[in-house]
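# Summary of the model geometry
Each chain, written out:
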Amino acid sequence: MGTAQLLAYGLVFIGPAAAVGVWGTLDAKSGGVVPVVYLVATLVMGLTASSYALMSRAVPRAGSVFAYASEGIGRRVGHMGGWMMLLDYVLIPSVAYLFSGIALHSLVPQVPVWAFVALAVVVSTGLNLAGITVTSRVIAVVVLVEVLVLAAVVIAGIGVLASHGPVRGWLDPLTGGAAGLHPSLVLGAVSVAVLSYLGFDALATFAEETRGGASAIGRATLVCLAVAGLLFVVQTYLGALLSPLTPQELQADPSLQGDAYYAMVDSAMGPLLHALLSLAKGAGAMFSALVGQAAASRIIMDMARSGSLPRALSRVSPRTGAPVAGVLIAAAGNVAVSLWASTRGDGLDVVSSAVDVGAITGFVLVHASVIGYFAVRRRGGPVRPLVHVVIPVVGALLLLAVLISSSPLALLVGGGWAVLGVLLLLVRQRRDGHRQDPAPRP
């Protein structure tokens, strides 16, 4: 892929309208200040993106966090970094499939969410097995369509505000209105909002399939994040001004959260834009899941060929170049999680929070890898204190603050996944030790 195709991949994975799917959840969690949540999340992710750009140039491998932590800190930490990001990349597509199902269900209520989810899994898995060349062409079209539909919604929303005024106060989405702005609520919502940005980091997993070298990965990473942050602040501010539902109503009934933005578009702008947004978001989320599934398959491939997972999982199709075993394993995990979540009223909230625990842990290790690679091991030339120490430390501390604010259930899921990763590491170390030092024959 070239830089333009990388940008398309990043934007379709992030999703120009990604905030639409979690807007209701964030409005309930933050007390009605979703734009503030996205401003904070953009700052946190900006620091992380700079560390990704540094490491993608220094270690241009498909394993992303696994490769960075292995080179910057050590193999054991690298294994755990890759393992925690697998939780991220198995669950991100699951959430995206759920967004797709919710969007299309809002358009055709007679068809259950799980049926649309199953259809999206089948289509995206088939495209991933076809290889990177086919999917990159399809994705460029999807990004263009989603941006055009989102632009139409924003323009229509501005027209409604100009003629009828806002439902909430003009400054309420920034100040919290009469209830005020509560930092603890904002941080708790940031732990979910981070989900909307996940995608810029996935670009690093295509390091071995990119023209233009590692610098192309770094540029695409930073541009994707900046564009996404701007889009999220604009669309969530508009949603807050026009929403017929209050944050308190969304808190009281979690089942309303998934459809909240679509309900706003339908009531304020009419059923036609509602239908267009649902179709664009449904298709966009499905292709976002496609990129997440592809990223997970490449982490599995790199961990397998490095010995952290069974080597059979590193097999690549000689015809398409796709890591077949990784794609199928990721797809199986996606099906299980997304179908489970589609049957629960709070499924979106639970899975979204669990995704972020894996992602945030991986991001913290990326920052630590920068310090280890450049400042401790001094493998990248002269140490630059600002970019090699200060930014990674500040970024890691902000991420840890967000991680602590995650829901107890999300932390429990993340902790359980980490324990499985440690057990897998011990088993493989013991097996490798037996191979290197066989016991003497009796």
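Everything quoted here is computed from the prediction, not taken from an experiment. Residue positions are given per chain, counting from 1 as you read along its sequence in written order. Given that the model is predicted, a residue must reach a pLDDT of at least 70 before its local features are reported, and side-chain atom pairs must reach 80 or more before they are shown or counted; all residues, however, enter totals for whole chains, interfaces and linings. Side-chain numbers here rest on the full set of heavy atoms in the structure, without hydrogens or water.

Here we take up the overall build of the chain. Only runs of H or I of at least four residues qualify as helices and only runs of E of at least two qualify as strands under DSSP, and these elements are numbered from the N terminus. Along the backbone of the chain there are 17 helices and 0 strands. Its C-alpha radius of gyration of 21 Å places the chain within 12% of the 22 Å reference for a compact globule of 442 residues. A 1.4 Å probe rolled over the protein chains alone gives each residue an accessible area, and that area as a share of the maximum for its type sets the label: buried under 20%, exposed over 50%, partly exposed in between. Here the chain holds 442 residues, and 57% of them are scored as buried. Note on contacts: a residue pair qualifies if any of its non-hydrogen atoms lie within 4.5 Å across the two residues. If you take every contact in the chain between residues at least 6 apart in sequence, the share linking residues at least 24 apart comes to 81%. Methods summary: accessible areas were calculated by the Shrake-Rupley approach with a probe of 1.4 Å, and residue burial reflects only the protein chains presented. Only carbon and sulfur atoms are counted for the fraction: they give 71% of the accessible area of the chain, which is about 16900 Å². For the purpose of counting charges, residues Lys and Arg are taken to be positive, whereas Asp and Glu are taken to be negative. His and the chain ends are not included. Throughout, a charge is located at the NZ atom of Lys, the CZ atom of Arg, the CG atom of Asp or the CD atom of Glu. Here the chain contributes 25 positive and 18 negative side-chain charges, whose respective centroids are spaced 17 Å apart. We take the radius of gyration over the C-alpha atoms and set the globule estimate at 2.2 Å times the residue count to the 0.38 power.

Attention now moves to the packing of helix H2 (residues 18–30) against helix H12 (residues 260–269). Axes here refer to lines fitted to C-alpha atoms; in helices the fit is confined to the stretch in contact. Angles between the N-to-C directions go from 0 to 180 degrees. Between H2 and H12, whose axes approach to 7 Å, the crossing angle comes to 105°. Accordingly, the angle class assigned to the pair H2 and H12 is roughly perpendicular. Along its contact with H2, which presents Val 20, Trp 23 and Gly 24, the element H12 presents Ala 260, Tyr 261 and Tyr 262. Gly is placed with the polar residues, together with every amino acid not listed as nonpolar (Ala, Val, Leu, Ile, Met, Phe, Trp, Tyr, Cys and Pro) or charged (Asp, Glu, Lys and Arg). Class assignment of the residues belonging to the contact of H2 with H12 gives a composition of 5 nonpolar, 1 polar and no charged. The scheme is simple: roughly parallel for angles under 35 degrees, roughly antiparallel for over 145, roughly perpendicular for 65 to 115, oblique for anything else.

What follows covers helix H6 (residues 113–130). By definition here, a helix of n residues has an expected span of 1.5 Å times n minus one. In this model H6 runs 26 Å from its N-terminal to its C-terminal C-alpha over 18 residues, within 8% of the 26 Å that 1.5 Å per residue would give. Every buried residue of H6 is listed here: Val 113, Phe 116, Val 117, Ala 120, Val 121, Ser 124, Thr 125, Leu 127 and Asn 128. For H6, the arc enclosing every buried residue in end-on projection is 160°, short of the 170-degree limit, so these residues lie on one face. In H6, the exposed positions that point more than 90 degrees away from the buried face belong to Leu 119 and Val 122. As used here, the arc belongs to the directions running from the helix axis to the C-beta atoms.

In this section: the environment of Ile 299. Structurally, the position occupied by Ile 299 is in helix H13 (residues 271–305). Assessed through its relative accessible area of 1%, Ile 299 is described here as buried. Sequence spacing of Ile 299 and Met 85 is 214 residues, and the spatial spacing of their C-alpha atoms is 8.4 Å.

Here we take up the pattern of salt bridges. Whenever Lys or Arg places a side-chain nitrogen within 4 Å of a carboxyl oxygen from Asp or Glu, that contact is recorded as a salt bridge. Under the counting rule described, the total for this entry stands at 2 salt bridges. Here Glu 71 ties to Arg 379 by a salt bridge, and the two come within 3.1 Å at their closest N and O atoms. One end of the pair, Glu 71, is in helix H4 (residues 65–72); the other, Arg 379, is in the loop between helix H15 (347–376) and helix H16 (385–404), with 308 residues separating them in the sequence. Residue Arg 379 is classed as partly exposed on the basis of its relative accessible area, which comes to 42%.

Bringing the layout of surface pockets into the picture now. There is about 350 Å³ of room inside the largest pocket. Whether a set of points on the 1 Å grid over the protein atoms alone is a cavity depends on a 1.4 Å probe fitting there but being unable to get out, while an open set qualifies as a pocket with protein on both sides within 12 Å along at least five of seven lines; lining residues are those with an atom within 4 Å of a point. Taken together, 20 residues form the lining of the largest pocket, with Leu 86, Leu 87, Val 90, Gly 333 and Trp 417 sitting closest to its centre. Elements with a minimum of two residues in the lining of the largest pocket: helix H5 (75–107), helix H14 (324–342), H15 and helix H17 (408–436). Looking at the lining of the largest pocket residue by residue, the classes come out as 18 nonpolar, 2 polar and no charged. Grid points are joined across faces, edges and corners, and a volume is the space filled by probe spheres set on the points.

Before going further, it helps to spend a moment on the nonpolar core. Membership of the largest hydrophobic core comes to 128 residues, with the highest contact counts inside it found for Tyr 38, Ile 139 and Met 269. Sort the elements by how many residues they give to this core and H13 lands first, with 16 residues. In contact with Tyr 38, other than residues within four places in its own chain, are Ala 19, Val 22, Leu 26, Ala 193, Ser 196, Tyr 197, Phe 232, Val 233 and Thr 236. Each nonpolar core is a collection of buried residues, namely Ala, Val, Leu, Ile, Met, Phe, Trp, Tyr and Cys, held together in the definition by side-chain atoms within 4.5 Å.

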